[in-house]
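# Survey of secondary and tertiary structure
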Number of protein chains: 2
Amino acid sequence: MKAKPIVSNYVKERKILVKKSILLISHSQKVTDGIKEMIEQMQKSEEVQIFSLGGINGEIGSDPMKIVEAVNESSDAASYFVFADIGSAVLNSELAKDMLEEEQQQRYHLVDAPLVEGAFAAAITAGITDDTQQILTEAQNAGKKGWE
Amino acid sequence: MKAKPIVSNYVKERKILVKKSILLISHSQKVTDGIKEMIEQMQKSEEVQIFSLGGINGEIGSDPMKIVEAVNESSDAASYFVFADIGSAVLNSELAKDMLEEEQQQRYHLVDAPLVEGAFAAAITAGITDDTQQILTEAQNAGKKGWE
């Protein structure tokens, strides 16, 4: 018996995914902590790591260095999906990208989607696929409640 | 001297606004507590009241009765602007409307906008105007980061 069929069966049973990081940026750490908890109750894939990066030392504010540190901490991620809410949280997400190495920047995706709704959709999708475009599309389409 | 000119001067100095309530609905109380804190740091008008209605007893979940109670508690508000994030938080916001009296329903606006970004824009706008359509429009247009 060769090992190959056994590996193939394993792949059939459990799709092997690459690691992806979801970065949550807000002025409020409560907001990003809460989103992380919500996601982790639904999404238990070890290949999807959520970073709660809101606030500065528990106060209202946003810090680009926290974003850079999260990227370096999860340096083995194939992609970083970055979600920010408003104002300087958005600006600091851009600033952090400029502070990364070029190779890291290519894996760093600023997602034009609502913070809570987009990050949730991205995390759920990232748990079943490695298709970056599909993850981005699901996030960008999130947030519509269907209300008039 | 009649009282009228004094009142007119007062109105010129400080635009008198009617009371408006912003209702924040999520599965996570941390998320809605954090948004309320963010808003209240920027928006100090006494005529804009923020209700953090996420979670059930601190756990992940959403409860339509909390929404109904908030509407009754701020019964003197001219308008209720309701923001929800995903799934049953959205459904419970609709369910709560059905549980209100008809007269209350007319003041209850389900806003098709992102939870964090929309509520923030609505609250800031509600601090300077009573124009319901303007508040709704600002909320609906919020959430675009301008990223490709």
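Going by what an unreviewed UniProt entry lists, chain A is known as phosphoenolpyruvate--glycerone phosphotransferase and is assigned to Enterococcus lactis. Recorded in UniProt under Subunit (unreviewed entry), the annotation for chain A is "Homodimer. The dihydroxyacetone kinase complex is composed of a homodimer of DhaM, a homodimer of DhaK and the subunit DhaL." Quoted straight from UniProt, the Catalytic activity (unreviewed entry) entry for chain A says "dihydroxyacetone + phosphoenolpyruvate = dihydroxyacetone phosphate + pyruvate".

Our next topic: the relation of the copies chain B and chain A. Its rotation angle being 180°, the transformation that places chain B on chain A also includes 0.0 Å of axial translation and leaves an RMSD of 0.0 Å. The relationship between the two copies is best expressed as a two-fold rotation axis. The position closest to the rotation axis in chain B is occupied by the C-alpha of B:V31, lying 2.0 Å away. Of all interface residues in chain B, 100% are interface residues in chain A too; the two copies therefore contact each other through one and the same surface.

This part takes up the UniProt feature "domain: PTS EIIA type-4" (unreviewed entry) in chain A. The positions UniProt marks with the feature "domain: PTS EIIA type-4" (unreviewed entry) are residues 19-147 of chain A. Note that residues 19-147 of chain A is 49% helix and 16% strand, and that its end C-alpha atoms are spaced 35 Å apart.

Moving on: the pattern of salt bridges. Residue and element names in this part refer to chain A. For the structure shown, the criterion picks out 12 salt bridges over all chains. A salt bridge links E40 to K36; the nearest nitrogen and oxygen atoms lie 3.0 Å apart. One end of the pair is E40 and the other is K36, both in helix α2 (residues 29-42) and four residues apart, which spans about a single turn.

By the secondary structure assignment, A:S28 is in the loop between β1 (20-25) and α2. Engagement of the side chain of A:S28 in a polar contact is seen with the backbone nitrogen of A:V31, the distance being 3.1 Å. Not counting residues within four places of it along the chain, the set of residues in contact with A:S28 comprises A:G54, A:G55, A:I60, B:G34 and B:M38.

Another point: the sheet that holds strand β3 (residues 79-84) of chain A. All names here are of chain A. What the four strands build is an open sheet, ordered β2-β1-β3-β4; its pairing is parallel. Pairing within the sheet leaves two strands with one partner each, and these edge strands are β2 (48-52) and β4 (108-110). Averaged over neighbouring strand pairs, the angle between their axes works out to 20° when direction is ignored. Of the strand pairs in this sheet, β3 and β4 are connected by three bridges, and their pairing is parallel. When the bridges of β4 are listed, F81 appears paired with H109. Where helix α4 (residues 87-99) meets the sheet, its contacts fall on β1, β3 and β4, and the angle it forms with β4 comes to roughly 155°.

As a further point, take the pairing of strand β1 (residues 20-25) of chain B. Residues and elements named next belong to chain B. The buried fraction of β1 amounts to six of the six residues, a majority that puts the element mostly inside the structure. Of the two faces of β1, both are covered, the one formed by K20, I22 and L24 as well as the one formed by S21, L23 and I25. In the sheet, β1 pairs with strand β2 (residues 48-52) via five bridges, with the strands oriented parallel. Its bridge partner lying in β2, K20 is registered against V48. Regarding the hand of the β-α-β motif, the stretch spanning β1, helix α2 (residues 29-42) and β2 is right-handed. Both β1 and strand β3 (residues 79-84) contribute to a ladder of six bridges, which runs parallel. By the bridge assignment, S21 is partnered in β3 with Y80.

Residues and elements named next belong to chain A. Here helix α3 (residues 64-73) crosses α4 at 50°, and the two axes come no closer than 8 Å. Considered as vectors, α3 and α4 are oriented oblique to each other. Crossing geometry of α3 relative to α4 is assigned as right-handed. Contacts between α3 and α4 involve P64, M65, I67 and V68 on the former and, on the latter, N92, S93, L95, A96 and M99. Of the residues in the contact of α3 with α4, the class split is seven nonpolar, two polar and no charged.

So, how was this worked out
Residues numbered from 1 in each chain as written. Chains lettered and ligands numbered in written order. Predicted model: local features only at pLDDT ≥ 70, side-chain atom pairs only at ≥ 80, totals over all residues. Heavy atoms only, no water. UniProt positions renumbered as here; feature names shortened; annotations may be inferred. Least-squares fit on C-alpha atoms with pLDDT ≥ 70 in both. Contact = heavy atoms within 4.5 Å. Helix = DSSP H or I, 4+ residues; strand = E, 2+ residues; numbered from the N terminus. Salt bridge = Lys/Arg side-chain N within 4 Å of Asp/Glu carboxyl O. Polar contact = N/O pair within 3.5 Å; in protein donor to acceptor, adjacent residues only side chain to side chain. Pairing = 2+ DSSP bridges. Axes fitted to C-alpha atoms, helices over the stretch in contact; angles between N-to-C directions. Buried < 20%, exposed > 50% of the residue type's maximum accessible area, 1.4 Å probe, protein only. Right-handed = clockwise from strand over helix to strand, strands pointing away. Parallel < 35°, antiparallel > 145°, perpendicular 65-115°, else oblique. Left-handed = near helix turned anticlockwise from the far one by under 90°. Nonpolar A, V, L, I, M, F, W, Y, C, P; charged D, E, K, R; others polar.

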